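# Tertiary structure, described
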Amino acid sequence: MKTIVFVCTGNTCRSIMAQGIFEKLVKEQGLTGQFAIKSAGIAANEEDAISANAAKALEEIGIDKHSHHAHRLTMQDVADADILVPMTPSHAAAIVSADPEAINKIILLPRPVPDPFMGSLEVYRACRDDLKEQLSALLEELCHER
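Let us look at the structure shown here. Bear in mind the structure is a predicted one, so any value in this text is a computation, not a measurement.

The rules behind the values
- Residues numbered from 1 in each chain as written.
- Predicted model: local features only at pLDDT ≥ 70, side-chain atom pairs only at ≥ 80, totals over all residues.
- Heavy atoms only, no water.
- Buried < 20%, exposed > 50% of the residue type's maximum accessible area, 1.4 Å probe, protein only.
- Helix = DSSP H or I, 4+ residues; strand = E, 2+ residues; numbered from the N terminus.
- Pairing = 2+ DSSP bridges.
- Phe/Tyr/Trp six-rings, centres within 6.5 Å; stacked < 30°, edge-to-face > 60°.
- Axes fitted to C-alpha atoms, helices over the stretch in contact; angles between N-to-C directions.
- Parallel < 35°, antiparallel > 145°, perpendicular 65-115°, else oblique.
- Left-handed = near helix turned anticlockwise from the far one by under 90°.
- Contact = heavy atoms within 4.5 Å.
- Nonpolar A, V, L, I, M, F, W, Y, C, P; charged D, E, K, R; others polar.
- Salt bridge = Lys/Arg side-chain N within 4 Å of Asp/Glu carboxyl O.

## Concerning the pairing of strand β1 (residues 2–8)
Of all seven residues making up β1, six are buried, and the element is well covered by its neighbours. Note: β1 against strand β2 (residues 35–41), seven bridges, orientation parallel. Bridging from a neighbouring strand, isoleucine 4 pairs with isoleucine 37 of β2. For β1 and strand β3 (residues 83–86), the ladder comprises four bridges, and the chain directions are parallel. Following the sheet pairing, valine 7 is matched in β3 by proline 86.

Listed below in structure tokens is the structure:
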């Protein structure tokens, strides 16, 4: 089983959306049990709930993350991960700054994922759809590596 950790800033928008979408994609492909899927934020406040618009955008495609609370990325998370998927190159740089060896675990998405924080539901939907497209390609790539 490969452990994948999606990483953004606060773990209330992008990375939790990525986690939910990737979990759904894995389930749809019949790959449940092959991946442990997590998310975290570089500067997350552990008490923060998922953004309301992130939850709504996910709910529209059958994903329920209403009970999610942010998790701050720890060095243990980095150590336990097989794959780290930061939402932007600056998130990757922050991870590598804290643990230079983590560079070998990082997979950058083809396009950085802009932060929808405080945006309209439309902004979150666009983020969700972009993540779905990029994560579908990532899952296909990971399945071909086996």
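## Here's the deal with the packing of aromatic side chains
Enumeration over the complete set of coordinates arrives at two aromatic pairs. Summarising the aromatic geometry, the rings of phenylalanine 22 and phenylalanine 35 are spaced 5.8 Å apart at their centres and angled 80° between planes, so their arrangement reads as edge-to-face. Here phenylalanine 22, found in helix α1 (residues 14–28), pairs with phenylalanine 35, found in strand β2; they are 13 residues apart in sequence, far enough to count as distant. Of the two residues, phenylalanine 22 and phenylalanine 35, both sit in the buried class. By way of ring pairs, the aromatic residues Phe6, Phe22 and Phe35 are connected into one cluster.

## Section: the packing of α1 against helix α2 (residues 52–59)
It is at 10 Å that the axes of α1 and α2 come closest, and there the two elements cross at 15°. One finds that α1 runs roughly parallel with respect to α2. Once α1 is placed against α2, the crossing between them reads as right-handed. Only Ala54, Ala57 and Leu58 of α2 make contact with α1, whose side of the interface consists of Ile16, Met17 and Ile21. Counted by class, the contact of α1 with α2 contains six nonpolar, no polar and no charged residues.

## Things to note about the sheet that holds β2
Taken in spatial order, the three strands line up as β2-β1-β3 in an open sheet, and their pairing is parallel. Strands with a single pairing partner mark the edges of an open sheet, and in this sheet they are β2 and β3. Averaged over neighbouring strand pairs, the angle between their axes works out to 20° when direction is ignored. Against the sheet, helix α4 (residues 89–98) contacts β1 and β3, and its axis sits at roughly 135° relative to β3. Strands β1, β2 and β3 of the sheet are contacted by helix α5 (residues 121–144), whose axis makes an angle of about 155° with β1.

## Focus on the environment of phenylalanine 35
Note on phenylalanine 35: relative accessible area 7%, which makes it buried. A C-alpha to C-alpha distance of 9.8 Å links phenylalanine 35 and aspartate 82, two positions 47 residues apart in sequence.

## A look at the pattern of salt bridges
One pass over the structure, following the stated rule, counts nine salt bridges. With a closest N to O distance of 3.5 Å, aspartate 115 and arginine 14 form a salt bridge. Linking aspartate 115 in the loop between α4 and α5 with arginine 14 in helix α1, this pair joins segments that are 101 residues apart in sequence. A residue is classified by how much of its surface remains accessible, and aspartate 115, at 43% relative accessible area, is partly exposed. Among the residues examined, arginine 14 registers a relative accessible area of 4% and is labelled buried. The salt bridge involving glutamate 133 is made with arginine 111; its shortest N-O contact spans 3.5 Å. Taken together, the positions of glutamate 133 in helix α5 and arginine 111 in the loop between α4 and α5 put the pair 22 residues apart, joining distant regions of the chain. Overall, arginine 111 belongs to the partly exposed group, its relative accessible area being 34%. Look at the salt bridges and you will find they share partners, linking Glu60, Glu122, Arg125, Arg128 and Asp129 into a network.

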